[in-house]
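Spelled out, the chains give:
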Amino acid sequence: MGELTIRPNTHVTLEYELRGEDGELLDASEQPDGEPIRYVHGYGMLVPGLEAALLGLRTGDEREILVPAEGAYGEYDEGLVLEIARSDLPDPSRVQVGDEFTAESPDGDEMVVTVQSVEGDTVTVDANHPLAGMALTYRVKIVEVREASDEEVESAAASLDDAHEHVHGADCDHTHDPVSLGERDVN
């Protein structure tokens, strides 16, 4: 029997380097705070274009994979740049450009938003992912491919069910008390 390939329900460990369109290094497993990616294939734990490109690879394989914006974090959507009242923010007097917080859309979905500008009583926030609109280049080396345990598959399936599009990791420093981005006209 041949060596195991990446397919649904395999547990994969890979080293990676992520670069933006301009070649700038955005993230890598070799960075001081980095680590290899470990995931169960087939449960949306990676951006779709990368996950699809890994299918069929084996331990030891190395690839450079270009993932267009639509296969990564989507196209940049100007409709996700919103003006809200400063008073709606968790700490209105201290809000500044670059702050991040969790907001709730009118339909109840939570999203991370970044403050773009503060002008008087109006704050402009961007709900696009920071990498939206960018083609991304991944350099990957497959370190290990093995059958996922039942527990790992169950955990991956539960994560998929509870999908929370949070992209900042465990050390994020923005608030998770959602701010309402309800229908309002701020002019």
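Residues numbered from 1 in each chain as written. Predicted model: local features only at pLDDT ≥ 70, side-chain atom pairs only at ≥ 80, totals over all residues. Heavy atoms only, no water.

Peer 1: Any chance you could break down the overall build of the protein chain for me, citing the residues and the numbers?
Peer 2: Scanning the protein chain for helices and strands turns up 2 helices and 10 strands. Reading the helices (α) and strands (β) of the protein chain from amino to carboxyl end gives β-β-β-α-β-β-β-β-β-β-α-β. Buried positions account for 34% of the 187 residues belonging to the protein chain. Partitioning the intrachain contacts of the protein chain with sequence separation of at least 6 by distance along the chain shows that 68% fall at a separation of at least 24. Summing over all exposed atoms, the protein chain offers an accessible surface of approximately 11,000 Å²; the carbon and sulfur share of this is 44%. (Helix = DSSP H or I, 4+ residues; strand = E, 2+ residues; numbered from the N terminus. Buried < 20%, exposed > 50% of the residue type's maximum accessible area, 1.4 Å probe, protein only. Contact = heavy atoms within 4.5 Å. Areas by Shrake-Rupley, 256 points an atom, 1.4 Å probe, with all protein chains shown as cover.)

Peer 1: Give a description of a negative patch on the surface that names residues and reports values.
Peer 2: Side chains of E104, D107, D109 and E110 sit close together on the surface and give a patch of like negative charge. Within the element layout of this structure, D109 appears in the loop between β6 (100-104) and β7 (110-119). For D109, a relative accessible area of 46% puts it in the partly exposed group. (Patch = residues over 30% accessible without salt bridge, like charges linked within 9 Å, V, L, I, M, F, W, Y side chains within 5 Å. Salt bridge = Lys/Arg side-chain N within 4 Å of Asp/Glu carboxyl O. Lys, Arg positive; Asp, Glu negative; His and termini not counted. Charge placed at Lys NZ, Arg CZ, Asp CG, Glu CD.)

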